[in-house]
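# Commentary on secondary and tertiary structure
Each chain, letter by letter, is given below.
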Amino acid sequence: QKQGIKVILLEDRALAHASRIANDYLAVHHIKKLDWPGHSPDVNASEHAWPWIRRHITTDHPQSTCEQQCEQQ
């Protein structure tokens, strides 16, 4: 904004985004907010990748049972 760039924040309706403190911060800094449905894949292309990533991580690495095993994985 200081450089004259118009700022519009795009975020879903997560509770943290709807908190009073978050909204107050945006108001103080004159940032407009564009609400978007939660878990909307058209906002973030990486949303499509998460199921694939989870599947491959859990296939290659079974759930850790201790800190040492977690560090090794």
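Named according to an unreviewed UniProt entry, the chain is Tc1-like transposase DDE domain-containing protein originating from Bimuria novae-zelandiae CBS 107.79.

Here strand S1 (residues 8-12) runs beside strand S2 (residues 32-36); their pairing, made up of five bridges, is parallel. Pairing of Glu11 across the sheet is with Asp35, part of S2. Between the parallel elements S1 and S2, the chain passes through helix H1 (residues 20-28) in a crossover that is right-handed.

Bringing the environment of Ala22 into the picture now. Position of Ala22 relative to the elements: it lies in helix H1. Discounting chain neighbours no more than four positions away, the residues touching Ala22 are Ala16 and His17.

Any two side chains of opposite charge can pair, on the condition that their charged atoms come close. Inspection of the entire model under this criterion finds one salt bridge. Notably, a salt bridge pairs Arg20 with Asp24, separated by 3.7 Å at the nearest N-O pair. On the criterion of helical spacing, the pair formed by Arg20 and Asp24 is a turn pair, its members being four residues apart in helix H1. The exposure class assigned to Arg20 is exposed, which follows from its relative accessible area of 69%.

Calculation rules
- Residues numbered from 1 in each chain as written.
- Predicted model: local features only at pLDDT ≥ 70, side-chain atom pairs only at ≥ 80, totals over all residues.
- Heavy atoms only, no water.
- Pairing = 2+ DSSP bridges.
- Helix = DSSP H or I, 4+ residues; strand = E, 2+ residues; numbered from the N terminus.
- Right-handed = clockwise from strand over helix to strand, strands pointing away.
- Contact = heavy atoms within 4.5 Å.
- Salt bridge = Lys/Arg side-chain N within 4 Å of Asp/Glu carboxyl O.
- Buried < 20%, exposed > 50% of the residue type's maximum accessible area, 1.4 Å probe, protein only.

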